[in-house]
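The lines below spell out each chain.
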Amino acid sequence: MMHGNLVCTQCTNHFSLTDKIWKCHCGALLDIEFNAEFPIDEIAKRSTSIWRYKEAIPVPDSHIISFSEGFTSLEDAFLYNIPLLIKHDYLFPTSSFKDRGASVLISKISEMGINVIVEDSSGNAGTSIAAYAAKAGIRCRIIAPSNSSKSKQNQIITYGAELELLKGDREKVATEALKEAENTYYASHSWNPFFFQGTKTIAFEISEQMGWKAPDSIIVPLGNGTLVLGVYLGFKDLQKAGIITRLPRIIAVQASECAPVYNAIEHIKNPEYNKSIAEGISVQNPVRKDQIIEAIGATEGCVYAASDNEINMALKHLYSKGYYVEPTSAVVVGALRRINPKMRGDTSVLVLTGHGLKHSFSQL
Ligand SMILES: [Zn+2]
């Protein structure tokens, strides 16, 4: 029996971790209260998967759905002559870091005995949920905008998921998914708090790979906040457990064409939203926007916005150095030269999130 609770972010409601709910009765987002533990000597003996940190993940290990994914490499490197630790977080079964969240969420869903789920995603979260649902034998329906990447649509269908394409933007798709989720379980990478209990494992890996220390900063793309909030939760778990003393500054990068968090922090009134080549993070209304702003503030971090031109230049730079990632991943490199060196600090981890092969077809 796992100790911990689902807690509402708005009212005082607490729920058991085994309740089949993904939002509070009052309609607000849920978070998870849970005491993560890190038996370091035991962890060192385990296989290199995210589940080596099982005492820090609020899902019993009797129902794990996993491809033994995770523990992606952390490389000492230079980009634009800036020293960095590059976390290769596209090295996953479906080729994106979202597998961290999918493994934990689908494990939880399997534990609860749920056999039909719905998710909305324009790409990587949908492919991850589809793959892990296939492994678990859970029926899965993914709702996506009809103009989303064809190669990702293809990947979703290949795993046997039902794909429903809707005309309109992501907000419309999210609204439809919320409607369908009233009668089923919403395996959402933005609403469902268990997804973030998976993405947080990146913090544990980085820390372990650095000798159970924290970097000065971590540079991540920002759309729905699955990585920003994951990084924040993970390093907070490590801090609470007394393993690290201070949190790394979270430096989040949005695409200039769709930068709601950047606009809010910079007090930009009536911003315009346009299509960006960083489609994976083009989210106009991230449901956890307030939490994202709070997390970045709590780490004394900051938000940058990179233009499509900068992202394209960054992609070329990455390719020329032998890195093959999708445009959404390159957003962090797009802003890299403008990031204040004091903000970066001496040790800065830059996360690459999605493989270039995901995008290859649309480039031809
Ligand atoms: Zn509530």
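Overview of the structure. Every residue gets a number counted from 1 within its own chain, in the order that chain's sequence is written. Reporting in this predicted model follows two pLDDT cut-offs: at least 70 for local features of residues, and 80 or more for side-chain atom pairs to be given and counted; totals over whole chains, interfaces and linings ignore these cut-offs and use all residues. Excluding hydrogens and water, the side-chain values take into account all heavy atoms of the structure.

All right, on to the side chain of lysine 200 then. Counting from the N terminus, the helices are DSSP H or I runs at least four residues long and the strands are E runs at least two residues long. Within the secondary structure layout, lysine 200 lies in the loop between α6 (193–199) and α7 (201–209). A polar atom in the side chain of lysine 200 sits 2.7 Å from the backbone oxygen of alanine 56. Each polar contact in these results corresponds to two N or O atoms within 3.5 Å; when the atoms are within protein, one needs to be able to donate a hydrogen and the other to accept it, and residues that are neighboring in sequence are counted only if both atoms are side-chain atoms.

A strand pair is defined by DSSP finding two or more bridges across the two strands. Taken in spatial order, the six strands line up as β4-β5-β13-β10-β11-β12 in an open sheet, and their pairing is mixed. The sheet is open, and its two borders are formed by β4 (74–79) and β12 (302–306), each paired with just one other strand. Averaged over all neighbouring strand pairs, the angle between strand axes comes to 30°, with direction disregarded. Two strands pair when backbone bridges link them, and β4 and strand β5 (residues 82–88) are joined in this way by six bridges, in the antiparallel orientation. Note that in β5 the partner of leucine 79 across the bridge is isoleucine 82. In what follows, residue pairs with any heavy atoms lying within 4.5 Å of each other are defined as contacts. Helix axes use the C-alpha atoms of the stretch in contact, all axes being lines fitted to C-alpha atoms, and the angles between their N-to-C directions lie in the range 0 to 180 degrees. Its contacts with the sheet place α7 against β4, β5, β10 (217–221) and β13 (348–352), and it is angled at close to 125° to β5.

This next bit is on the pairing of strand β6 (residues 116–120). Among the five residues that make up β6, four are buried, leaving the element largely enclosed by the rest of the structure. In terms of handedness, the path from β6 via helix α3 (residues 124–136) over to strand β7 (residues 139–145) forms a crossover that is right-handed. One ladder, built from two bridges, connects β6 with strand β9 (residues 185–186); its direction is parallel. By the bridge assignment for β9, valine 118 is matched with tyrosine 186. Accessible area is worked out with a 1.4 Å probe on protein chains only. A residue is then buried under 20% of its type maximum, exposed over 50%, and partly exposed in between. By convention a crossover is right-handed if, when the strands point away from the viewer, the path from the first strand over the helix to the second runs clockwise.

Together, Tyr319, Tyr324 and Leu357 line one region of the surface with nonpolar side chains, adding up to about 280 Å² of accessible area. Among the secondary structure elements, tyrosine 324 is positioned in the loop between α11 (308–320) and α12 (327–336). Candidate patch residues must exceed 30% relative accessible area and have no salt bridge, after which like charges are joined if within 9 Å and Val, Leu, Ile, Met, Phe, Trp or Tyr side chains if within 5 Å. Each accessible area is a Shrake-Rupley result for a 1.4 Å probe, and residues are judged covered by the shown protein chains and nothing else. Salt bridge criterion: a side-chain nitrogen from Lys or Arg within 4 Å of a carboxyl oxygen from Asp or Glu.

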